[in-house]
Amino acid sequence: MTAAAAAQKQTCGFQAEVGQVLHLVTHSLYSNREIFLRELISNASDALDKLRFLAVSEPSYLENDTELGIHIEIDKDAKTLILRDNGIGMDRDEIIAHLGTIAKSGTKEFLKVLSAQQSKESLLIGQFGVGFYSSFIVADTVTVRSRKAGLAAEAGVEWQSTGESDFSVETITKATRGTEVILHLKEDAAEFLDSWRIKSLIHKYSDHISFPIWMQKEEMPQADEEKDENVSDAVVFETVNRAQALWTLPKSKITDQEYIEFYKHISHDFSDPLAWAHNKVEGKLEYSSLLYIPKNPPFDLYQRETSKGLKLYVKRVFIMDDAEQLLPMYLRFVKGVIDSNDLPLNVSRELLQNNAVIESLRSATTRRILDTLEKMSKEEADKYAEFWKAFGPALKEGIAEDFANKDKIAALLRFETTHSAGKADVSLADYIARMKDKQDKIYYVTADSAAAARHSPQLEIFKQKDIEVLLLSDRVDEWLVVHLSEFEGKSLQSIAKGMLDLDTFANEEEKKAHEQIVAELKPLAEAVKEALGDAVKEVRISHRLTDSPACVVADDNDLGGHVQRLLKAAGQAMPESKPILELNPNHPIVKRLDLDKGTEQFKQWSQILLSQAILADGAPLVDPALFVNQLNDLWKDLLAAH
Ligand code: ADP
């Protein structure tokens, strides 16, 4: 076989992930199978958008085929449904890459979780966006014929597959530009050969597509004798959809259902959005924006390559997907469209950087989203709780990223606290409203989980005095508290750092008593420091503890234990800061230790106390075996004494 012949027809295996997606799609989306039409129309519309953009600078791409749109045809005899667009098309390499692999990062991990759950849950796979592969829910064979804009008719390509393990590609001659998807429908999918059914699906899902969708006009049944023999049977097409860009219509002309379907088209999400904001702005800047807040996070929200940004249009012409300059990173979950009248049509990604119009659009959209969230938080608390659960950690990043809107974002934060019942539903304003008389700080504790935070020994005095503490356990929380030093004039204070401000916690009498005991136990603190040597920075008598004998805290200017561990896990080098050991003067163990100063066991007991305090703080011990041995020795001594 010659090389040219080899290039003619080849069979390729699907990438393993595609095989998995195909399996999941055909098994989990069966009850919702009509969505294949929406997905294919959506792809055709994207291809038309791209062609129109190219044609702005290079009109020859239009060839003589200037009326952009989508034809849908039904062949009842062949049992096929055909979607034909005159969009940008694909060449041979592109068709192999686009319809044989999945480029999204994190796909493998996501699919693993999905199949482990043996999910029949269409929403989960919907979060992933199955697109073209949904064809195989209704078709047992799919043929795609395509020719890329600008290439010769002989450079067409035909792709075919039964959706199992492989597909074939073959070079063909295709006179028209664009892509034709031919679905050979399964026996039980004959309903999609009914043109009324297809038309009603187009109304339901794709009315808002800005290009016309044409279908053959149904002829009224006529009596035989009335038929005029001289009129030829020319096929008449009609436009089935509204064919106007949704965001250009006045709000009053758009139903909720249309907003929802448009969201599904641009986001590839199967769930309804949580909220949307549609605005038309005239004045210094002229633009329309239609912004959506989804209900569920995409599977890759916390991966670097997650798609982010909005679809950018200029004067109705699609310019690009994922225009990340239009939104700050922390709002990467927002989906939508911006259509500007102020940008040139030939705007490129590079041009978007440092562009004054883009800067203004970005701050306006940011503001609009934050306002939408604020309104939701005030008027629809349940909905806001749902939002917070899905996107709270992303929004928290905004405190560090968006200085201009810091206060607005801070007001949107929700926390789990010692006073909330296992849910993150306390705002900083709620917290301040509940602050105790002399309290002037917002207290928080950070840990790996809310449960660990809830049980930290440093919390004891706060529990006793019924002072509320924020329980922070998202990874981003350590950065949050670095950048959010205060809210409405109240500073944020870690309960595991520095000295406690006694004024908040004790009356005059208690303060005096504490000072006295600190003085009395000074020799004990010194002896423990000597026994522990360099392992601690300082040993002091604590006011924080009511139940535990000891705890570790950090100095005001040092990083807390939790953030140190996070940095270490991220491979960051940092100066090692030693903990401060605090002893509970009222605890029997500490009292006994005081009596045993100078004895043989004193050093060992001091070490056990420190190890315990480190463990309770959620940190690993340097020498866990030594700790276990020391504890067992102590146990043996106790048993021997009985
Ligand atoms: P998605 O649309 O989410 O990227 P799909 O699996 O639906 O995923 O499609 C994969 C890719 O195949 C698209 O991104 C596009 O590049 C290409 N494609 C699909 N349908 C068409 C079409 N009708 N015309 C041109 N390209 C298409």
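Since the structure is predicted, the reported quantities are computational estimates derived from the model, not experimental observations. Note that residues are indexed from 1 along each chain, following the sequence as it is written. Reporting in this predicted model follows two pLDDT cut-offs: at least 70 for local features of residues, and 80 or more for side-chain atom pairs to be given and counted; totals over whole chains, interfaces and linings ignore these cut-offs and use all residues. By convention in this description, side-chain values take in all heavy atoms of the structure and omit both hydrogens and water.

*Asks:* Looking at this structure, how should I read the sheet that holds strand 20 (residues 538-541)?
*Replies:* Two orientations exist for strands paired in a sheet by backbone hydrogen bonds: parallel and antiparallel. Any two strands with at least two DSSP bridges between them are considered paired. Working definition: helices are DSSP H or I runs of at least four residues, strands are E runs of at least two. Numbering for both runs from the N terminus. Ordered by their spatial adjacency, three strands build an open sheet running 20-22-21, and the pairing between neighbours is mixed. Because the sheet does not close on itself, it has two edges, and the strands there are strand 20 and strand 21 (550-553). Strand-to-strand twist of the sheet, defined as the mean angle between neighbouring strand axes without regard to direction, takes the value 25°. Sheet topology places strand 21 next to strand 22 (residues 580-583); four bridges connect them, and they run antiparallel. Within strand 22, the position partnered with Ala550 by the bridge is Leu583. For helices, the axis comes from a line fit to the C-alpha atoms of the stretch in contact; other axes are also lines fit to C-alpha atoms, and the angle between any two N-to-C directions lies between 0 and 180 degrees.

*Asks:* What am I meant to see in the nonpolar core here?
*Replies:* Soluble globular proteins tend to bury their nonpolar side chains together. For this analysis, a nonpolar core means a set of buried residues of the types Ala, Val, Leu, Ile, Met, Phe, Trp, Tyr and Cys, connected via side-chain atoms within 4.5 Å. In this scheme, a residue with accessible area under 20% of its type's maximum is buried, one over 50% is exposed, and one in between is partly exposed, where area comes from a 1.4 Å probe on protein chains only. Membership of the largest hydrophobic core comes to 70 residues, with the highest contact counts inside it found for Leu312, Phe333, Leu373, Phe387, Leu395 and Phe462. In terms of residues, this core owes the most to one element, helix 12 (residues 381-401), which gives eight residues. Setting aside residues no more than four positions away along its own chain, Phe387 makes contact with Leu274, Ile293, Phe333, Leu373, Met376, Gly392 and Leu395. One finds Val138, Ala149, Tyr205 and Phe299 within the second-largest nonpolar core, a separate group that totals 63 residues. The contact criterion used is simple: two residues touch if any of their non-hydrogen atoms lie within 4.5 Å.

*Asks:* Would you explain the domain arrangement of the chain in this entry?
*Replies:* Interface size is commonly expressed as the accessible surface area that is lost when the partners come together. Start and end points for every domain follow an automatic or database-based domain assignment. When the domains of the chain are assigned, the result is domain 1 (3-218 + 236-244), domain 2 (247-378) and domain 3 (504-641). Using only C-alpha atoms to locate each centre, domain 2 and domain 3 end up separated by 53 Å.

*Asks:* Would you take a moment to explain the sheet that holds strand 14 (residues 335-340) for this structure?
*Replies:* Pairing within the open sheet is mixed, and its five strands lie in the order 10-11-14-12-13. Strand pairing shows two members of the sheet lacking a second neighbour, strand 10 (275-281) and strand 13 (317-323), which therefore form its edges. Within the sheet, the average angular offset between the axes of one strand and its neighbour, ignoring direction, is 15°. Pairing of strand 11 (residues 287-293) with strand 14, which is carried by six bridges, proceeds in the antiparallel orientation. What sits directly across from Leu291, in strand 14, is Gly336.

*Asks:* What is the right way to look at empty space enclosed by the protein in this model?
*Replies:* Rolled over the atoms, a probe with the dimensions of a water molecule shows which regions are left empty. Put simply, the grid is 1 Å and covers the protein atoms alone, a cavity is a trapped set of points that fit a 1.4 Å probe, a pocket is an open set with protein on both sides within 12 Å along at least five of seven lines, and lining residues have an atom within 4 Å of a point. Grid points are joined across faces, edges and corners, and a volume is the space filled by probe spheres set on the points. Overall, the coordinates contain two cavities of 30 Å³ or more when judged by the stated rule. In this model, the largest cavity occupies a volume close to 50 Å³. What lines the largest cavity is Ser45, Asp49, His208, Ile209, Ser210, Ala245, Trp247, Phe262, His265 and Tyr313. Here the nonpolar group is Ala, Val, Leu, Ile, Met, Phe, Trp, Tyr, Cys and Pro; Asp, Glu, Lys and Arg are the charged ones; every other residue, Gly included, is treated as polar. For the lining of the largest cavity, the class distribution of residues is five nonpolar, four polar and one charged. Per-domain counts for the lining of the largest cavity show at least three residues from each of domain 1 (3-218 + 236-244) and domain 2 (247-378). Roughly 30 Å³ of internal volume is contained in the second largest cavity. Lining the second largest cavity are Ala275, Trp276, Ala277, Leu291, Tyr292, Ile293, Arg368, Ile369 and Thr372. Only strand 10, strand 11 and helix 11 (356-379) provide two or more residues apiece to the lining of the second largest cavity. Split by residue class, the lining of the second largest cavity holds seven nonpolar, one polar and one charged.

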